[in-house]
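# Results of the structural survey
Residues per chain, in single letters:
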Amino acid sequence: LIDKDSLMKSPESAVVIYGCTICNINDDTLPEFALNVGATGNFNENSPFSDQYSWLMLLDKNLNFSFPPVKLSKRPSRVVVSPYRLNKQPYLLVFQDYFGNERINSCFFLFDSNGRKINEKIIDDFENEYSNIFPGNDSIEGSFYFLRNRNTDIEKLDSHFQIKKDISIPEVQTGIPLAYFDANNDGRSE
């Protein structure tokens, strides 16, 4: 905090944080930080929140965990988190992507704001490096988008992870967005 000449830090962790989404999950007007993490396997299992696993992690405004981190998968894997609204209620949409040699499934998850799992679905037939999730605009319908591969096969899915629409756009080089915001002030994020 610049105005207080102080520095805040999150709890110790050994996971690789490669992205963060600022959101308001608990509807208290203060931000939370949803972390995209990777399990790279560089630390031992005794490390706090070892990178032998991927985790669902949400930090509050003071950079403390909003709920105890949820272990999702073994290494190598990654977790992509997106704020999600369904019937005006806040949730966390999670894409857990395992890309190792073991028979471990990749999944979509829906968690409530307290870190409790609400729904889960095993997914396959997607391209690890290029796949990603993006929030939808309709909070009543609760839709989101899943970029499957570099051929830009995109699916619009609902809260039960059922495909509602297939979409195709020109090929992209990566599935990771540079930014997601309302660039033209029309009320919808680009």
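Along each chain, the written sequence defines residue order, and numbers are assigned to residues from 1. The model is predicted, so local features are restricted to residues of pLDDT at least 70 and side-chain atom pairs to those at 80 or more, both for listing and for counting; the totals for chains, interfaces and linings are taken over all residues. Calculated side-chain values reflect all of the structure's heavy atoms, with hydrogen atoms and water omitted.

## What about the sheet that holds strand E11 (residues 153-157)?
Definition in use: Strand pairing is assigned whenever DSSP identifies at least 2 bridges connecting the two strands. Numbering of helices and strands runs from the N terminus; a helix is a DSSP stretch of H or I covering at least four residues, while a strand is a stretch of E covering at least two. Axis definition: a line fitted to C-alpha atoms, over the contacting stretch in the case of helices. Angles run 0 to 180 degrees between N-to-C directions.
If you walk across this open sheet you meet the four strands as E9-E10-E11-E12, and the pairing is antiparallel. Lying at the two open borders of the sheet, with one neighbouring strand each, are strand E9 (132-135) and strand E12 (163-168). Across the sheet, the mean angle separating the axes of adjacent strands is 25° when strand polarity is ignored. As defined by bridge partners, strand E10 (residues 144-147) adjoins E11 across four bridges and the pair is classed as antiparallel. Bridge assignment links Leu147 to a residue of E11, and that residue is Ile154.

## Details of the packing of aromatic side chains
Where we set the bar: In this scheme Phe, Tyr and Trp rings, the latter by its six-membered ring, pair at centre separations within 6.5 Å, and the angle between planes marks the pair as stacked below 30 degrees, edge-to-face above 60, and tilted otherwise. Think of it in three bands: with a 1.4 Å probe and only protein chains considered, a residue is buried below 20% of the maximum accessible area for its type, exposed above 50%, and partly exposed in between. Should the NZ of a Lys or the CZ of an Arg lie within 6 Å of a ring centre and within 35 degrees of the ring normal, that charge is described as sitting over the ring.
All told, the structure shown has 13 aromatic pairs when counted by the stated rule. For the pair Phe49 and Trp55, a centre-to-centre distance of 5.2 Å together with 90° between the ring planes defines the contact as edge-to-face. Trp55 gets classed as buried once you look at its relative accessible area, which sits at 8%. Ring centres of Phe95 and Phe126 lie 5.4 Å apart, and the angle between their planes is 70°; this geometry places the pair in the edge-to-face category. Of the two residues, Phe95 sits in strand E6 (residues 89-98) while Phe126 sits in the loop between strand E8 (117-123) and E9, which places them 31 residues apart along the sequence. As far as burial versus exposure is concerned, Phe95 and Phe126 are alike and both buried. Among the aromatic residues, those joined into a ring-pair cluster are Tyr84, Phe95, Phe108, Phe126, Phe144, Phe146 and Phe161. Above the face of the Tyr53 ring, Lys71 is positioned so that its terminal group lies 4.1 Å from the ring centre.

## Section: the nonpolar core
Basically, it comes down to this: Only buried residues count toward a nonpolar core, which is a set of Ala, Val, Leu, Ile, Met, Phe, Trp, Tyr and Cys residues joined through side-chain atoms within 4.5 Å. We call two residues in contact whenever any of their non-hydrogen atoms come within 4.5 Å of each other.
Counting residues in hydrophobic clusters, the biggest one holds 24 residues, and the most contacted among them are Leu56, Leu72, Val81, Leu92, Val94 and Phe111. Residue assignment for this core shows that the elements contributing at least two residues are strand E2 (32-39), strand E3 (53-59), strand E4 (70-74), strand E5 (77-86), E6 and strand E7 (106-112). Considering each element in turn, this core owes the most residues, six residues, to E3. Contact partners of Leu92, with chain neighbours within four places excluded, come to Ile25, Leu56, Leu58, Phe67, Val81, Ser82, Phe109, Leu110, Phe111 and Asp112. Counting 15 residues, the second-largest nonpolar core is a separate cluster that includes Tyr84, Phe95, Ile123 and Phe161.

## Looking at the pairing of E2
Note on strand geometry: in a regular strand, side chains alternate between the two faces of the sheet. Judged by how many residues are buried, E2 sits mostly within the fold: eight of eight residues are covered. Along E2, one buried face is formed by Glu32, Ala34, Asn36 and Gly38 and the opposite face, lined by Phe33, Leu35, Val37 and Ala39, is buried too. Pairing of strand E1 (residues 16-23) with E2, which is carried by seven bridges, proceeds in the antiparallel orientation. Bridged to Ile17 within E2 is Val37. Summarising the sheet, E2 and E3 pair through three bridges and their orientation is antiparallel. Across the sheet, residue Ala34 finds its bridge partner in E3, namely Leu58.

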